[in-house]
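For reference, the chains in residue letters:
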Amino acid sequence: MKILYFDCTNGVSGDMAYEALKGLLGEKEKDALEGMEMLHSLDSHGEHCHSSYSSIKDLIGSLDISKGAKEKALSIYSVIAEAEASVHDAPVEKVHFHEVGRIEAVRNVVGAAVCADALAAAKVFCSEIHDGIGFVECSHGTIPVPVPAVMAMRRNSGLVFAADESVATEMVTPTGLAVLMGLGAEYSREIPEGCVLRKATAFGKRETGRNGGLTACLVEDCARICP
């Protein structure tokens, strides 16, 4: 049985999750990501910015990726939509995305889903999730950290969170947390016992003052592969 484990002590974002999972694929990467070509051809600053939830679902449904990857991508966006609906007091189907609707965010979500599906882990776990404090600028203006969408997701999760008061900025983005929740991650203080098949670390674009990144590990039951 394969298990995915994320060390989130340096935070988590959508691009970090995608890159870390991609790093676990090894020789499977090219074949697994073949269906992503359509997303890479879209303009990052074009018409898909500020997309509606329904248009995001239609876009994911149109991609040439596996059924499992589509289900995972839709699950991740469902988490985001429910959080945004809670923040804006609106029906889920009426939600319009801003940062998380940009094509770059869609690529990160779909990429993470494709990679997770290809890795075929039976369970997903993550460490305590660290976020910073203070304020960040976004399309809605200046907002507090943890940002409102992250706070809404936290209320509906069984994950464990910690505030790092030495970091005066965002360490956890809505897309990053939604990837964990959409993949069904559960809290685990340590990497589950087993043989670590691969390990990959990805670094985000925001300067947090921390040297580490998001580390993902693919673990297998030792009894099956390490006689």
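The coordinates are above.
Thresholds applied
Residues numbered from 1 in each chain as written. Predicted model: local features only at pLDDT ≥ 70, side-chain atom pairs only at ≥ 80, totals over all residues. Heavy atoms only, no water. Helix = DSSP H or I, 4+ residues; strand = E, 2+ residues; numbered from the N terminus. Buried < 20%, exposed > 50% of the residue type's maximum accessible area, 1.4 Å probe, protein only. Contact = heavy atoms within 4.5 Å. Phe/Tyr/Trp six-rings, centres within 6.5 Å; stacked < 30°, edge-to-face > 60°. Lys NZ or Arg CZ within 6 Å of the ring centre and 35° of its normal. Lys, Arg positive; Asp, Glu negative; His and termini not counted. Salt bridge = Lys/Arg side-chain N within 4 Å of Asp/Glu carboxyl O. Core = buried A, V, L, I, M, F, W, Y, C linked by side-chain atoms within 4.5 Å.

A. A look at the side chain of asparagine 108. Mapped onto the secondary structure, asparagine 108 falls in helix α6 (residues 103-119). For asparagine 108, a relative accessible area of 12% gives the class buried. Once residues within four sequence positions are removed from consideration, asparagine 108 is found in contact with Gly14, Asp15 and Tyr18.

B. Spotlight on the packing of aromatic side chains. As enumerated under the stated definition, the model contains two aromatic pairs in all. Their ring planes at 75° and their centres at 6.0 Å tell us that tyrosine 53 and phenylalanine 97 sit as a pair that is edge-to-face. With tyrosine 53 in helix α4 (residues 53-62) and phenylalanine 97 in the loop between α5 (67-88) and α6, the pair connects residues that are 44 residues apart, well separated along the chain. Just as tyrosine 53 is buried, phenylalanine 97 falls in that class too. Ring geometry for tyrosine 77 against phenylalanine 97: centres 5.5 Å apart, planes inclined by 50°, an arrangement best described as tilted. Of this pair, tyrosine 77 sits in helix α5 while phenylalanine 97 sits in the loop between α5 and α6; the two residues are 20 residues apart in sequence, bridging distant segments of the chain. For tyrosine 77, a relative accessible area of 0% puts it in the buried group. An aromatic cluster is present here, built from Tyr53, Tyr77 and Phe97 joined pairwise through their rings. When the ring centre of tyrosine 18 is taken as reference, the NZ or CZ atom of lysine 22 above it lies at 4.8 Å.

C. Main features of the side chain of glutamate 84. Of note, glutamate 84 is situated in helix α5. Look at glutamate 84: it is buried, it has no salt bridge, and the nearest opposite charge is arginine 155 at 11 Å. What glutamate 84 contacts, discounting residues up to four positions off in sequence, is Val95, Phe97, Val100 and Ala149.

D. Up close: unusual backbone geometry. A cis geometry characterises the amide bond from valine 145 onward to proline 146, with omega recorded as 0°. Structurally, proline 146 can be placed in the loop between β5 (141-144) and α7 (148-155). One non-glycine residue, alanine 120, lies in the positive phi region at around 55°. Looking at the element boundaries, alanine 120 is found in the loop between α6 and β2 (123-126).

E. Expanded view of the nonpolar core. Counting residues in each nonpolar core, the largest one holds 70 residues, and the members touching the most others are Tyr77, Val110, Ile129 and Leu177. Counting five residues, the second-largest nonpolar core is a separate cluster that includes Tyr5, Phe125, Cys217 and Val219.

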